[in-house]
Amino acid sequence: MTTLIKERAKSLNTFSKTNLAEEILRLKKEKNAIILAHYYQEPAIQEIADFVGDSLGLSQQAASTDADIIVFAGVHFMAETAKIINPKKRVLLPDLNASCSLAESCPPDLFREFIDKHPGHTVITYVNCSAEIKAMSDIVCTSSNAEKVVASVPLGTPIIFAPDKNLGAYIMHKTGREMLLWDGVCIVHEAFAIDKILKLHQKYPQAQFIAHPESNPEILKIASYIGSTTGMINHVKTDSGKEFIVATEAGILYKMQQEVPEKVLIPAPAKEDNTCACSECAFMKMNTMEKLYLCLKNETPEIHVSDEIREKAIIPIERMLNLS
Ligand code: 13P
Ligand code: SF4
């Protein structure tokens, strides 16, 4: 056994004995670190986080923290956004492979060609994209503020919206603005099965169907509420309904159920049969308590963004934060 493998085995063995949560809390304090987690993270991570929220809330927290280290329990574009906002802080991501199908759908060279082919357009990008794409944008948005961001563009100015075509189509419908859409989708929200949802609704006829705007138009058509993850949580809290079928990544049900313990929350089923009868994001679920612990302990993997990209990408992000 090489020394490296021995060390790894020793360290994994220690995990089984160590209370990971306690160790993470200790390291967090010792290093003046903050843990920001998205609602799609596993419950143990949500429990230990300093803040759990949607993409906008997480960016706002990243902008206001005075911690020295930000550990991002989310996906790569989220940690990268935090780094762009905080170039002097160390931003860590427990697993650098935690990507996003939307971010991957939009390679910088092809997006550059797309913009060049359509001069004079205001470029609005959904935050689920790489720093390079943000650097080519006029303004960034999240699912919480996309409508507001689009409405902020003067009437008559043509708009490119990327990379989520479902969110883009939904915002076109809401605002009545024509936009050129990039052809990207979220593989998780694409996976909801309309036939199974309708069948489920027959079983729970009183249940309201609520959906995230990354879902397909046919899914959004039957939703009685459409909003970001935070929007969906607020909706079930404030609405008088007692039962909800929830079409977004199933991790949200943890926080949602804590907010409304007396209500019935049912995950919307995916097309493919799986054990949870729900939709899970394999990228989000790459983060684990073990990886979170190791990342905080070793201060790696770390997110880096070149100055050239950062200086361009911060402008559309700040425009969005100022508008929110
Ligand atoms: P929000 O939490 O901002 O609604 O985004 C959902 C999502 O898919 C994040 O990747
Ligand atoms: Fe990307 Fe969809 Fe996963 Fe969110 S749920 S990180 S949009 S693949």
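Bear in mind the structure is a predicted one, so any value in this text is a computation, not a measurement.

Taken as a whole and assessed by the stated rule, the structure comprises 13 salt bridges. Between R26 and E23 there is a salt bridge, and its shortest N-O distance comes to 2.9 Å. Here R26 and its partner E23 are both found in helix α2 (residues 20-30), three residues apart, which amounts to about one turn of the helix. A relative accessible area of 41% places R26 in the partly exposed class. Between E299 and K31 there is a salt bridge whose closest N-O contact spans 2.9 Å. Taken together, the residues E299 in the loop between α15 (289-298) and α16 (307-323) and K31 in the loop between α2 and β1 (33-38) connect sequence positions 268 residues apart. For K31, a relative accessible area of 16% corresponds to the buried category.

So, on to the site of ligand 2. Residues in close proximity to ligand 2 include Y40, V75, C100, S101, L102, N128, C186, V188, E214, C281 and M284, which together make up its full environment. When residues of the shell around ligand 2 are sorted by domain, at least three fall in each of domain 1 (3-98 + 284-304) and domain 2 (102-186 + 310-323).

Moving on to helix α10 (residues 165-175). For α10, every residue scored as buried is listed here: N166, L167, G168, Y170, I171 and M172. At its buried positions, α10 is contacted by β5 (122-126), α9 (146-151), β7 (159-162), β8 (180-181), α12 (217-221) and β10 (225-226). With a side-chain oxygen lying 2.9 Å from the backbone nitrogen of N166, the N-terminal cap of α10 falls on D164. Phi turns positive, to about 75 degrees, at G176, one or two residues after α10.

This part is about the side chain of T81. For T81, the location among the structural elements is in helix α5 (residues 76-85). For T81, a relative accessible area of 3% translates into the label buried. For T81, the residues in contact, after removing those within four places along its chain, are S59, V127, K134 and I317.

All right, on to the sheet that holds strand β12 (residues 264-267) then. Read from one edge of the open sheet, four strands run β10-β9-β11-β12, paired in parallel fashion. Sheet topology places β10 and β12 at the edges, where each strand pairs with a single neighbour. Across four bridges, the pairing between strand β11 (residues 243-247) and β12 is parallel. Its bridge partner being in β12, V246 is matched across the sheet by P267. Across the sheet, helix α13 (residues 229-238) lies against β9 (208-211), β10, β11 and β12, angled at about 160 degrees from β9, the strand it touches most.

Residues annotated by UniProt as "binding site: [4Fe-4S] cluster" (unreviewed entry) correspond here to C100, C186 and C281. Maximum C-alpha separation among the annotated residues is 9.3 Å over a sequence range of 182 residues, consistent with a single clustered spot. Mapped onto the fold, C100 is located in the loop between β4 (90-92) and α6 (101-104). For C100, a relative accessible area of 11% corresponds to the buried category.

A few words on the site of ligand 1. Near ligand 1, the surroundings consist of 14 residues, among which H38, S55, S143, H212 and T229 are the closest. Side-chain polar atom of S55 to an oxygen atom of ligand 1: 2.8 Å apart, as the coordinates give it. Against a free-state accessible area of 300 Å², the protein chains account for coverage of 96% of ligand 1. Looking at side-chain class alone, the shell around ligand 1 contains five nonpolar, seven polar and two charged residues.

Each value, and the rule that gives it
Residues numbered from 1 in each chain as written. Chains lettered and ligands numbered in written order. Predicted model: local features only at pLDDT ≥ 70, side-chain atom pairs only at ≥ 80, totals over all residues. Heavy atoms only, no water. Salt bridge = Lys/Arg side-chain N within 4 Å of Asp/Glu carboxyl O. Helix = DSSP H or I, 4+ residues; strand = E, 2+ residues; numbered from the N terminus. Buried < 20%, exposed > 50% of the residue type's maximum accessible area, 1.4 Å probe, protein only. Near = heavy atom within 4 Å. Domains from an automatic or database assignment. Contact = heavy atoms within 4.5 Å. Polar contact = N/O pair within 3.5 Å; in protein donor to acceptor, adjacent residues only side chain to side chain. Pairing = 2+ DSSP bridges. Axes fitted to C-alpha atoms, helices over the stretch in contact; angles between N-to-C directions. UniProt positions renumbered as here; feature names shortened; annotations may be inferred. Areas by Shrake-Rupley, 256 points an atom, 1.4 Å probe, with all protein chains shown as cover. Nonpolar A, V, L, I, M, F, W, Y, C, P; charged D, E, K, R; others polar.

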